[in-house]
Amino acid sequence: MLRVEGVTQVFGGITALEDVTFGVRKGEITGVIGPNGAGKTTLFNIITGLYSRTAGKVFLEERDISGFTPERLAPQGLVRTFQNIEMFGQMTVLENVLVGLHTRSRSGMISCAFKLPGHLREERRMREEALRWLEFCGIADLAGTTAGALPFGKCRLVEIARAMAVGPKILLMDEPAAGLNSRETSELDGLIRKIRANEVTVVLVEHDMELVMDICDSIVVLNLGRKLAEGTPRQIQENPEVIKAYLGEG
Amino acid sequence: MKRDYLLFLLFTLIVLVAPAAFKGGYLLNVLVFMGINTMLAVALNLLLGFAGQISLGHAAFFGLGAYISGILTATHGLNPWLTMLIAAVVVGILAFVLGFPILKLKGHYLAMATLGFGIIIYIVFNETVDTTGGPSGLTGIPNLKLGSLTFDGDMKNYYLIWVFTLVTMLLSINLAHSRIGRALRAIHDSEVASRVMGVNARLLKVQVFTLSAIISAVAGSLYAHTMTFISPASFGFNFSVELVTMVIIGGLGSIFGSFLGAALLTLLPEMLRVVQDYDIVVYGLLLILMTMFMPGGLVRGIPAAALALLAKMSGEKVRNAEG
Amino acid sequence: MDLFQQLTQYAFSGLSTGAIYALIGLGFAIIYNATGIINFAQGEFVMLGGMLTYFFLTVLKFPFPVAMTAAVLVSTAAGATFERLTIRPLKKPTPLSLVIITIGGSIFIRGIAMLIWGKDTHALPPFSGNEPLTIAGATILPQNLWIFGITVLVIAVNKFFFYYTINGKAMRACSYNRTAASLVGIDVRRMVLLSFAISSTLGSMAGIIIAPLTMTAYDVGIMLGLKGFCAAIIGGMSSGIGTVLGGLLLGLLESFGAGLISSGYKDAIAFIILLLILFIRPQGLFSKAQTERV
């Protein structure tokens, strides 16, 4: 589904990523883990088009998407969520999800300004679908609330609903469990499984090992900008290099 | 959303019958200006309030509309409606082309770039004396005509201007509640996230910039044909700042707020006529105080203040939901 | 005057105004580097320098040096007060609200100046007489030499302050990384205040040394401020030599442009340059290009 090949990223004098290559299989949940500074978020930012990488390629379903900007990636079916939750704080929860439907709708400036009939029909359809995604995440009751006023855990869910509304083939989540308590994390666990059941491939960057080992079908380990290991959770847990990277020598 | 449309209906009715209350004369003239200012403020609000892009040079688009329309009619005898269309198209193209490089900038840099653009245009107005008449201005601009009706008096101008202004307001309200309006507000709140959602932020910003410029140019053309005289002084940095003030005082992102801001700033010089020289000081103070104490503008500030007052009077403590 | 003499003439006058732009630009850069704010009111402190000197000199009849010193002190105090009253209490310092509040401040200060001193232009006496000197075939006034001299002095003091005093180093730390600076115990808020004070000092000094040449009035601040800002942009917002070079370059381009092409468009030159720089190389011509970690 997604393939990263030889990705290298250099910032000034620092090599954040060096020759990283791995693959993500369709329909699986893949975790990307590694100690702090390993380059996980940099990798994500490159895949999702926020940085232009120094070298290497990224393929989505064997199509070269290296260097595609985020707005080009969304219609291709690649969406991400953010570690710090980039909420549209001044808009309601429903409106946030409606923005997710932007690429699945077409009314332009003229159509919207003059309220042409096609636009009205589309609005209605969009609202129904947006509500469905809110229900999917269990927050339909928050539809009218201003996003900026919500507690952190709920904001996470809004972000996920919003991302799902785009209709992605693959969803990249940047530390979705960050800042969640254990109850919220187990709810997240269930939600991510539901997402996979909806035929969306998931890639997670995560620090919460319990969550990672529990739901991931496959794990990639990064350390100091290089790929250290790739395999099933079991294999990763038993890999001596991985243990050394996390716990240090002797 | 329904509330906005009801309010608009009410507003339209008031606008239509208002002249009867002010039987002609000076106040009607002020209301004509208020209409132009409202149109300009709403146009700027689309860019500033919705998309969150600072422009300190919008008077330039207003001036370009006025001069293009004025010169083509006064000097070359073209039909005023035609020149309005030409002005809209020319300014639209200019804004579109300028929009791409200028909207790559953000925050202070965008503010400065638009400021610089505005000043360059202002200098051009002043220096191209042969075409524009320079600092002494351009005279002899004909009125607009519709069949046998010539718009040459305050009453007729009032309705002419306000029809355009009401249409602008309605289209803007439509836009605000639509997919495009949401995309703009998303860009404002988090450009990164909006792009991840597939919003072509770069293009949309340029499009709204262009729309805003076109509306301002049409307002300029209307201004030229109702005043029949224009001079560069009306289109400088000071007026650009005034427009931004109107939008902010009224309330960013609120169409009706733009009217309130425009109304206040149109009436202010009239109210301060007695103490003429104090107007600059008052104006500066207004900007400072509004930014500090009522950042949401009058549209949110007045209801909030009223509620707070009511609550105090009934002796209860109001829990501030904004925290 | 032959072409060479003309060009030299333009060069001198360009360098002279350029030095003024440099001083004003440094004021912008210093505040920006310490706070991330563009102080639109900067030009008004330039105006205050000249106008207050005029006031102290002709109305209160202070001796010239005393009048100048008093003007600089009052302007510095005004700058600090401005920061305290309008910037510091701002709850939501978004770029837009900062732009608006500093514009509001500049309008307010200008308004007060107009109320107190009216709209007339006033001249300050030149520091050491009006006898023109001839250098390399071009005429320059002693005031131009004063401008160069004082600017060089200011730059030297500036460099010394930022690199050799504790406060200066603290301010530089703030500009590189505010959070880190506060974590090592630097009082960031005081640095902000200090940056406004220093900028007002620089601005008012610039206003005083140019006033004998170009007169002063309540509204000279606007253009001077904007051009000073252009200088800072060309210089990549550096608190040092970059902005100085930017100012000098701007002054030269303006002078040559006005002399060789057209004088009416002189003011437009600065803004066209501004737009070009912002479009093509927003980090300025004289800054070290940095790869930024987003």
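Refer to the preceding data block for the structure.
No experiment lies behind these values; they were computed from the predicted model shown.

Reading guide: rules and limits
Residues numbered from 1 in each chain as written. Chains lettered and ligands numbered in written order. Predicted model: local features only at pLDDT ≥ 70, side-chain atom pairs only at ≥ 80, totals over all residues. Helix = DSSP H or I, 4+ residues; strand = E, 2+ residues; numbered from the N terminus. Rg over C-alpha atoms; globule rule 2.2 N^0.38 Å. Buried ≥ 20, exposed ≤ 12 C-beta atoms within 10 Å, placed from the backbone. Pairing = 2+ DSSP bridges. Axes fitted to C-alpha atoms, helices over the stretch in contact; angles between N-to-C directions. Contact = placed C-beta atoms within 7 Å. Core = buried A, V, L, I, M, F, W, Y, C linked by C-beta atoms within 7 Å.

> Would you mind going over the overall build of chain A with me for this structure?
The number of helices and strands found in chain A is 10 helices and 10 strands. The globule rule puts the C-alpha radius of gyration for 250 residues at 18 Å, and the 19 Å found for chain A is close to it. Taking all 250 residues of chain A together, the buried fraction comes to 44%.

> Mind showing me how you'd approach the pairing of strand β10 (residues 226-231) of chain A here?
In regular strands, side chains alternate between the two faces of the sheet. Sheet topology note: the strand β9 (residues 218-223) of chain A/β10 of chain A ladder contains 5 bridges and is antiparallel. For V221 of chain A, the partnering residue across the bridge sits in β10 of chain A and is A229 of chain A.

> Teacher, can you tell me more about the sheet that holds strand β3 (residues 29-33) of chain A here?
What holds strands together in a sheet is hydrogen bonding between their backbones, with the strands either parallel or antiparallel. Residues and elements named next belong to chain A. Across the sheet, 6 strands lie side by side as β6-β7-β8-β3-β9-β10; this open sheet has mixed pairing. Two strands lie at the open edges of the sheet, namely β6 (78-81) and β10, each paired on one side alone. Each adjacent strand pair in this sheet contributes to an overall mean axis angle of 15°, direction not counted.

> Help me understand the sheet that holds strand β2 (residues 14-24) of chain A, please; the structure alone is not making it clear to me.
Residue and element names in this part refer to chain A. Pairing is antiparallel across the open sheet formed by 4 strands, whose spatial order is β2-β1-β4-β5. Either end of the sheet is taken by a strand with one partner, and the two such strands are β2 and β5 (63-64). Here strand β1 (residues 2-11) pairs with strand β4 (residues 55-60) via 5 bridges, running antiparallel. Its bridge partner being in β4, R3 is matched across the sheet by F59. Contacts between helix α1 (residues 40-47) and the sheet are confined to β1, β2 and β4, with β1 contributing the most and set at about 115° to the helix.

> I'm lost on the nonpolar core in this one. Help?
It is characteristic of soluble globular proteins that their nonpolar side chains tend to be buried jointly. Counting 283 residues, the largest nonpolar core has A161 of chain A together with L23 and C230 of chain C as the members making the most contacts within it. A total of 16 residues in this core trace back to one element, the largest contributor, which is helix α10 (residues 201-227) of chain B. Apart from residues no more than four positions distant in its own chain, A161 of chain A is found in contact with V97, W133, L134, F136, C137 and I139 of chain A.

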